[in-house]
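A look at the structure
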Amino acid sequence: MPEIGKGTSHFVLVGLSIEAWDWKKQDRAVTAVKAHYGLANSEVHTGWITRRYIEQEKIPHFVALDWPTRRLQAQNERNAQLVRVAALKGPKEAAELRKSYRKSQEYIHLTHGERLDFLRELADLIGSWGHARLFSDSIDKSSFGTVPPTTPPREEAFTHIVNRFQRYLVETGDQRSIGLLAHDHDDTSADRLTQLMRHFHSSGTMWNNITRIIETPFFVDSRLTVGVQLADLCAYAIRRYCENGETDLFNRVYTRGHRSGGKTVGMRHYVRGGGCACTICKDHW
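Here is what the cut-offs are and how they apply
- Residues numbered from 1 in each chain as written.
- Predicted model: local features only at pLDDT ≥ 70, side-chain atom pairs only at ≥ 80, totals over all residues.
- Heavy atoms only, no water.
- Salt bridge = Lys/Arg side-chain N within 4 Å of Asp/Glu carboxyl O.
- Helix = DSSP H or I, 4+ residues; strand = E, 2+ residues; numbered from the N terminus.
- Phe/Tyr/Trp six-rings, centres within 6.5 Å; stacked < 30°, edge-to-face > 60°.
- Lys NZ or Arg CZ within 6 Å of the ring centre and 35° of its normal.
- Axes fitted to C-alpha atoms, helices over the stretch in contact; angles between N-to-C directions.
- Parallel < 35°, antiparallel > 145°, perpendicular 65-115°, else oblique.
- Left-handed = near helix turned anticlockwise from the far one by under 90°.
- Contact = heavy atoms within 4.5 Å.
- Nonpolar A, V, L, I, M, F, W, Y, C, P; charged D, E, K, R; others polar.
- Expected span 1.5 Å × (residues − 1).
- Buried < 20%, exposed > 50% of the residue type's maximum accessible area, 1.4 Å probe, protein only.
- Arc of directions from axis to C-beta.
- Core = buried A, V, L, I, M, F, W, Y, C linked by side-chain atoms within 4.5 Å.
- 1 Å grid on protein atoms, 1.4 Å probe; cavity = no way out; pocket = protein on both sides within 12 Å on 5 of 7 lines; lining within 4 Å.
- Points joined across faces, edges and corners; volume = space filled by probe spheres on them.

A few points about the pattern of salt bridges
As enumerated under the stated definition, the model contains 16 salt bridges in all. R120 is the salt-bridge partner of D248, the closest N and O atoms lying 2.6 Å from each other. Taken together, the positions of D248 in helix α10 (residues 248-254) and R120 in helix α6 (residues 112-128) put the pair 128 residues apart, joining distant regions of the chain. Residues joined in a network through salt bridges with shared partners are D117, R120, D124, D248 and R252.

Some remarks on the packing of aromatic side chains
Scanning the model with the defined rule gives eight aromatic pairs in all. Every member of this aromatic cluster is reached through a ring pair, and the members are F135, F165 and Y168. For the cation-ring pair, R78 lies above Y53, with the distance from its terminal atom to the ring centre recorded as 5.5 Å. The ring of Y53 carries R115 above its face, with NZ or CZ at 3.7 Å from the centroid.

A short note on the packing of helix α7 (residues 153-172) against helix α8 (residues 190-203)
The geometry of α7 relative to α8 is characterised by a closest axis approach of 11 Å and an angle of 40° between their N-to-C directions. It follows that α7 is oblique to α8 by the angle criterion. Taken as a pair, α7 and α8 cross one another with a handedness that is right-handed. In this structure, α7 contributes E155, F158, T159 and V162 to the contact, and α8 contributes R192, L193, L196, M197 and F200. Per-class residue counts for the contact of α7 with α8 are six nonpolar, one polar and two charged.

Some details on helix α1 (residues 23-36)
When the terminal C-alpha atoms of α1 are compared, their 20 Å separation across 14 residues agrees well with the 20 Å that a helix rising 1.5 Å per residue should span. Within the sequence span of α1, burial applies to Q26, V30, V33 and K34. End-on view of α1: buried residues confined to an arc of 100°, all on one side of the axis. Seen from the buried face of α1, the exposed residues on the opposite side, beyond 90 degrees, are K24, K25, R28 and H36. On its buried face, α1 sits against α6 and α9 (226-244).

Observations regarding the nonpolar core
Residues V14, F118, L122, L134, I238 and I280 are the most contacted members of the largest nonpolar core, which totals 45 residues. The set of elements that each furnish at least two residues to this core consists of β1 (10-17), α1, α2 (46-49), α6, α9, α10 and α11 (279-284). Per-element tally for this core: the top contributor is α9, with 11 residues. Excluding residues that lie within four positions of it along the chain, F118 makes contacts with V33, K34, Y37, L39, V44 and I49. Among the nonpolar cores identified, the runner-up in size contains 19 residues, and F158, I161, L193 and L196 belong to it.

Re empty space enclosed by the protein
For the structure on display, the rule yields two cavities of 30 Å³ or more. Of the volumes computed, that of the largest cavity is approximately 60 Å³. For the largest cavity, the full set of lining residues is I18, W23, Q26, D27, V30, W129, V226, G227 and L230. Listing elements by their share of the lining of the largest cavity, those giving two or more residues are α1 and α9. Broken down by element, the residue count for the lining of the largest cavity peaks at four residues, all from α1. Tallied by class, residues from the lining of the largest cavity come to six nonpolar, two polar and one charged. Its volume calculated, the second largest cavity comes out at about 40 Å³. R164, R167, Y168, E171, H258 and V265 are the residues that line the second largest cavity. Looking at side-chain class alone, the lining of the second largest cavity contains two nonpolar, one polar and three charged residues.

Right, here's the structure in full:
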């Protein structure tokens, strides 16, 4: 079960609901922000954008350089580091480093501060979209100790998000209010989530029949799909808040959490023992 005992302390799955008639306007707004930072054709991969790039810190007066010069000098530093790693640790380690560098290649012309500003602008955009709704399920993996849960966290989170999206569609529109799901392509989970959705269509979830969500999830390449990239940004913001209490990005997107009856019903933070003192738990319960 890959979600348990590895990497971060929380597993977070996010769904960002965007109305069809708003999509083009919102897509143009995102494209404008990306273009402002020289990232018009680049994927927004939040985890790689927020990292420190040590090679930039080795370049004198990096912040004063123009973008082409920054990119050239940062790439030169990376090439030199690849040569050093190959000589000291061997070709396998150099290949791994090269793979890592490719993940952040699109962003090396921006300082760390500029990259964070870029994410803040995107988060502010999401927070300003009055018709958008955020659905999330955050699971504290330590709640299970050393015993894996019966239902894997990914399947548990997916079930909750599908159920909340169904309720939202029922509560906010007539029978013509229909939704579909676009999911980042993942060979390890695509088949299982497709099977789950087929089961939901035939038998419902524990709480609701699924009548307003069509088909099974459409698995897409996140590099080409802005909506999935924005969901990734929201997932990063929520995970960093649940794990470390970081509020900068979280507060900017949290306003879009689906609310009903005075509670943020679209978002859950699962912690063994019935919740914690975080904003999600307080507003959910």
